[in-house]
Amino acid sequence: MEKPAGAGGKPVRTSYLVFGSPRIEEPEIQEVVDTIRSGWIGTGPKVKVFEKQFRDFIGCRHACAVNSCTAALHLSMLASGVGVGDEVITTPMTFPATSNAVIHTGATPVFADVDPRTMNIDPDEIEKKITSRTRAIIPVHFAGRPCEMERIMQIADSRDLLVIEDCAHSIESRIDGQATGTFGQLGCFSFYVTKNVITGEGGMVTTGSDELAETVKVMALHGMTKDAWHRFSDQGYKHYQVVEAGFKYNMTDIQASFGIHQLPRVEQYHQRRSQIWRRYDNAFQNLACRTPAPERPENVHAFHLYTLLLDLDRLTIGRDEFLDALDREHIGVGVHYLPVHLHPYYRKRMGYGPGDFPHAEDIGKRTVSLPLSAKLSDQDVDDVIQAVSKILSWYLR
Ligand SMILES: *Cc1c(COP(=O)(O)O)cnc(C)c1O
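First things first, this report covers the structure right here in the doc. Small disclaimer: the values here were computed from a predicted structure and weren't measured. Within each chain, residue numbers correspond to sequence positions counted from 1 in written order. Selection of residues for local features in this predicted model requires a pLDDT of at least 70, selection of side-chain atom pairs for listing and counting requires 80 or more, and totals for whole chains, interfaces and linings are taken over all residues. Excluding hydrogens and water, the side-chain values take into account all heavy atoms of the structure.

**Points about the layout of surface pockets**
So, step 1. The computed volume of the largest pocket comes to approximately 670 Å³.
So, step 2. Secondary structure follows DSSP: runs of H or I at least 4 residues long count as helices, runs of E at least 2 residues long count as strands, and numbering of each begins at the N terminus. Among the elements of the structure, helix 3 (69–79), helix 4 (97–104) and helix 10 (266–283) are those that each provide at least two residues to the lining of the largest pocket.
So, step 3. Top element by residues in the lining of the largest pocket is helix 3. It accounts for three residues.
So, step 4. Under the scheme applied here, ten amino acids are nonpolar (Ala, Val, Leu, Ile, Met, Phe, Trp, Tyr, Cys and Pro), four are charged (Asp, Glu, Lys and Arg), and all others, including Gly, are polar. Of the residues contributing to the lining of the largest pocket, the split by class is 22 nonpolar, 16 polar and five charged.
So, step 5. As used throughout, domain bounds are those supplied by an automatic or database domain assignment. Two domains each donate at least three residues to the lining of the largest pocket, and these are domain 1 (5–21 + 266–394) and domain 2 (26–265). Grid points spaced at 1 Å and placed over the protein atoms alone form the basis of the search, with a cavity being a set where a 1.4 Å probe fits but cannot get out and a pocket an open set showing protein on both sides within 12 Å along at least five of seven lines. Lining residues have an atom within 4 Å of a point. Grid points are joined across faces, edges and corners, and a volume is the space filled by probe spheres set on the points.

As structure tokens, then:
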């Protein structure tokens, strides 16, 4: 049996494989340079082009580009009228930006446990958490697996709640052909460096409502009624009017320069990640771990995160030692996620603690995310498989 690097053996590779490193190609590099040379480095025509492409790709009425998914979530909360005294139900199996956005409005996030198989919010648990103060639900399509939107929309519609979908992982996800982000009133997407389509930092709000789109646009730029492009275009000077105390959440043309070349490659990158996914699935079947559950054939999984669940009972090491062991093999890893309710702020402010959401906590203790970027070469994938197999075999109880 081969010895892991952490036990004195030789690492599977010499160079470090960075987790979540994005694939960036020549056209977006040229586009960024072109934008800089044009002098129009703020919000301008390239953002408009990217928004149009995104609308077409998702199949939604409005797409408003912003500077992060966190901003998209905050604006969606504000546009939904969520505020002090309200409750918003979401999953603890997410990045804290989801629930922080609720807190920024003065409302309270209320967590509902996940389905242990899909790792997505459990509709039955949502129903248990609804009170007279509940205003909205934020499902997160975890790792790119679509949530049970039909049931979630039924629950919401029957009680007049709004649904804001966190689509940070799910740009390619479809349910019977319909894109995630178009089931609820609002959808929030991320183009952060590790996501499936990147703009460096960036996000998008999608909605079918003219009214919500208008509020999002106004609040994304100081609460002004006309954006800078209109003000300084050659159609004559236009005064702006501030109608709300808005924020500074606009996307720039430098960011959009990445997006307008990345988005047309979204299917190609998705294909590549699905190949890597299948190779991982096959390689890890007989090891002390559980691979992600298969998705219903009529749905599209976005394959954003490949999360293994370690069978800790069958191993002599814990999850964190496994992470260290992979690091010693020069393989970068991630953890998605430590459940949000166990972070110190949430414990202190809301009194949450261990035992509150058993399924999320079990995942949080056992989960490991392996590299899945479309940038990975076949050799990189071989290295990950070799390192994981070596470690799980060596430390088998
Ligand atoms: C990345 C992420 C966010 C935040 O996205 P940013 O664009 O970095 O603000 C929100 N929710 C989830 C589930 C994420 O993974």
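Next comes the rest of the description.
**Let's talk about a nonpolar patch on the surface**
So, step 1. Together, Ile24, Ile29 and Val33 give the surface a local cluster of nonpolar side chains, amounting to about 210 Å² of exposed area.
So, step 2. Mapped onto the fold, Val33 is located in helix 1 (residues 26–38). Surface patches are drawn from residues lacking salt bridges whose relative accessible area is over 30%; two like charges belong together within 9 Å, two nonpolar side chains (Val, Leu, Ile, Met, Phe, Trp, Tyr) within 5 Å. All accessible-area figures derive from a Shrake-Rupley calculation using a 1.4 Å probe, and residue coverage is judged against the displayed protein chains alone. Whenever a carboxyl oxygen of Asp or Glu lies within 4 Å of a side-chain nitrogen of Lys or Arg, that contact is scored as a salt bridge.

**Some details on the site of the ligand**
So, step 1. Near the ligand you find 15 residues, and of these Thr70, Asp166, His169, Ser190 and Lys195 are the closest.
So, step 2. Contacts to the ligand include His169, whose side-chain N or O atom sits 2.7 Å from an oxygen atom.
So, step 3. Here a polar contact is recorded for every N or O atom pair within 3.5 Å, except that within protein the pair must consist of a potential hydrogen donor and a potential acceptor, and residues adjacent in sequence are included only if both atoms are side-chain atoms. Here Ser190 contributes a side-chain N or O atom positioned 2.7 Å from an oxygen atom of the ligand.
So, step 4. Contact with the protein chains hides 93% of the accessible area of the ligand, taken as 380 Å² for the molecule alone.
So, step 5. According to the grid-proximity analysis, the pocket containing the ligand is the largest pocket.
So, step 6. Classifying every residue of the shell around the ligand by side-chain character gives six nonpolar, seven polar and two charged. Proximity criterion: a residue is near a molecule or strand once any of its heavy atoms comes within 4 Å of it. For a molecule to be placed in a cavity or pocket, more than half of its atoms must lie within 2 Å of the grid points of that cavity or pocket.

**Thoughts on empty space enclosed by the protein**
So, step 1. What the rule picks out here adds up to three cavities of 30 Å³ or more.
So, step 2. Of the volumes computed, that of the largest cavity is approximately 90 Å³.
So, step 3. As for the largest cavity, its lining consists of 14 residues, of which Met119, Arg145, Pro292, Ala293 and Thr307 are closest to the centre.
So, step 4. Class assignment of the residues belonging to the lining of the largest cavity gives a composition of seven nonpolar, four polar and three charged.
So, step 5. Three or more residues apiece are contributed to the lining of the largest cavity by two domains, here domain 1 (5–21 + 266–394) and domain 2 (26–265).
So, step 6. Quantified by volume, the second largest cavity comes out at close to 40 Å³.
So, step 7. Taken together, Cys167, Ala168, His169, Ser170, Ile171, Phe189, Ser190, Lys195, Asn196 and Val197 make up the lining of the second largest cavity.
So, step 8. Residues of the lining of the second largest cavity, tallied by class, amount to five nonpolar, four polar and one charged.

By themselves these figures say nothing about function.
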